[in-house]
Amino acid sequence: MATFFGEVLSVFSRAVEEDEDDLSDNEEDEQIRRELEEKRVVHLHWNPEVTECLKSGNKLKCSDFILAVGPNAARFLSVHALTSANWDTVGHSSLWNERNQTTTGQTSVEPACVFHRQKDNPSVLICQVTCYIAEDQLFQWTEKVFDCLQHRQLNVTVLSDSSVAEYKAADYLHCSSAPFLRSLHSSTYNGKSVCPSLEQPNIFTGLPAAVLSHCEVHRIPAVVYQCYSDVLGADSVTMETYNPVLTSLGKSIQLDPAPSTDVLRKFSRTSNIQSNLYI
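The paragraphs below set out a description of the structure included in this document. The model shown is predicted, which means the values in this text are computed figures rather than measured ones.

Conventions adopted
Residues numbered from 1 in each chain as written. Predicted model: local features only at pLDDT ≥ 70, side-chain atom pairs only at ≥ 80, totals over all residues. Heavy atoms only, no water. Helix = DSSP H or I, 4+ residues; strand = E, 2+ residues; numbered from the N terminus. Expected span 1.5 Å × (residues − 1). Buried < 20%, exposed > 50% of the residue type's maximum accessible area, 1.4 Å probe, protein only. Contact = heavy atoms within 4.5 Å. Salt bridge = Lys/Arg side-chain N within 4 Å of Asp/Glu carboxyl O. Polar contact = N/O pair within 3.5 Å; in protein donor to acceptor, adjacent residues only side chain to side chain. Pairing = 2+ DSSP bridges. Axes fitted to C-alpha atoms, helices over the stretch in contact; angles between N-to-C directions.

Quick look at unusual backbone geometry
Leave glycine aside and you will find that most residues have negative phi; peptide bonds, for their part, are mostly trans. Here alanine 178 and proline 179 are connected by a cis peptide whose omega angle stands at 5°. Of note, proline 179 is situated in the loop between strand 6 (155-163) and strand 7 (180-185). In the segment running from glutamine 200 into proline 201, the intervening peptide bond is cis, with an omega of 5°. Residues other than glycine seldom take positive phi values, yet glutamine 153 does so here, at roughly 60°. By the element assignment, glutamine 153 lies in the loop between helix 4 (135-146) and strand 6.

Here we look at helix 5 (residues 206-217)
The terminal C-alpha atoms of helix 5, which comprises twelve residues, lie 17 Å apart, in line with the 16 Å expected from a rise of 1.5 Å per residue. Taken together, the buried positions of helix 5 are Leu207, Pro208, Ala209, Ala210, Val211, Leu212, His214 and Cys215. Elements that come into contact with the buried residues of helix 5 comprise strand 2 (64-69), strand 5 (124-129), helix 4, strand 6, strand 7 and strand 8 (222-229).

Observations concerning the pattern of salt bridges
Oppositely charged side chains are able to pair whenever their charged atoms sit close together. In this structure the tally under the stated criterion is seven salt bridges. One salt bridge in this structure joins aspartate 88 and lysine 119, with 3.8 Å as the shortest N-O distance. Taken together, the positions of aspartate 88 in strand 3 (residues 87-94) and lysine 119 in the loop between strand 4 (113-118) and strand 5 put the pair 31 residues apart, joining distant regions of the chain. Here glutamate 199 and arginine 182 are joined by a salt bridge, their closest N and O atoms 3.0 Å apart. Taken as a pair, glutamate 199 in the loop between strand 7 and helix 5 and arginine 182 in strand 7 lie far apart in primary sequence, 17 residues in all. For glutamate 199, a relative accessible area of 29% corresponds to the partly exposed category. The class for arginine 182 is buried, based on a relative accessible area of 6%. When salt bridges that share partners are traced, they join Arg40, Glu98 and Asp136 into one network.

What to know about the side chain of serine 93
Among the secondary structure elements, serine 93 is positioned in strand 3. Residue classification places serine 93 among the buried positions, given a relative accessible area of 2%. Looking at serine 93, its side chain comes within polar contact range of the side chain of tryptophan 141, at 3.3 Å.

As for the sheet that holds strand 6
On the basis of which strands lie adjacent, the open sheet formed by eight strands has the order 1-3-4-5-2-6-8-7 and mixed pairing. The open sheet terminates on both sides in strands that have one partner only, identified here as strand 1 (43-46) and strand 7. On average, each strand axis in the sheet is inclined to that of its neighbour by 20°, with strand direction left out of account. Bridge count between strand 2 and strand 5: six bridges; the pairing is parallel. Considered in strand 5, the bridge of alanine 68 is made with glutamine 128. Against the sheet, helix 3 (residues 71-82) touches strand 2, strand 3, strand 4, strand 5 and strand 6, its axis set at about 140° to strand 5. Its contacts with the sheet place helix 5 against strand 2, strand 5, strand 6, strand 7 and strand 8, and it is angled at close to 155° to strand 6.

Here it is as structure tokens:
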């Protein structure tokens, strides 16, 4: 090709280079996507005894799986059940996301997602979750945990914290009575609920919703008790809102209905200090 000044220039197509650049960008994007997916994988870590059981192709015999999601729900179980020496820590899960930077499954205050098994009755399993689990990790967590449990004769109870700001009611004066409990259960659940059912158009979200949906699909009896509170951190008043659940949990585990003041202070003190601007 000649220019107006008679200079001859070599001619080549830019289309090939642009296609190659696009292909390179796509490969790089795909690699970044794979690395991010690998980083967001949920990992379960069991003690040697449980690991050996699962490796042999067996699943954990579990008659009652009690899941506590949130600081008040988790500490309620700590106060009324786990303060006794009747429990073994058998595992934990670890995950990473934008709001949960730890990959060890533990924070500086307390483990973020830990499994406890009753010594006298190993078929009773408690899990306390105080970390944030992102939407793309909820299905992973639920599938991996329940894949370790024997579904036959399994009953699931979920205790969950929620902000009263998420509760919708025709009479908003009702929210002034916070904290209060609401429940939902799967179609195969035959137990008696200890609080009113969740009114429409309210819905459960996050891990409680994922677990309840999984139980509904696999026909596992399950009930979720959600506590709506106007307090963000753990406090004794909000924890006591779960007390009616003791009547149903008492059938499967030994609970302390009247813990000492020292025990209550131990599990509410950290949150109180962090929320006090003058300390």
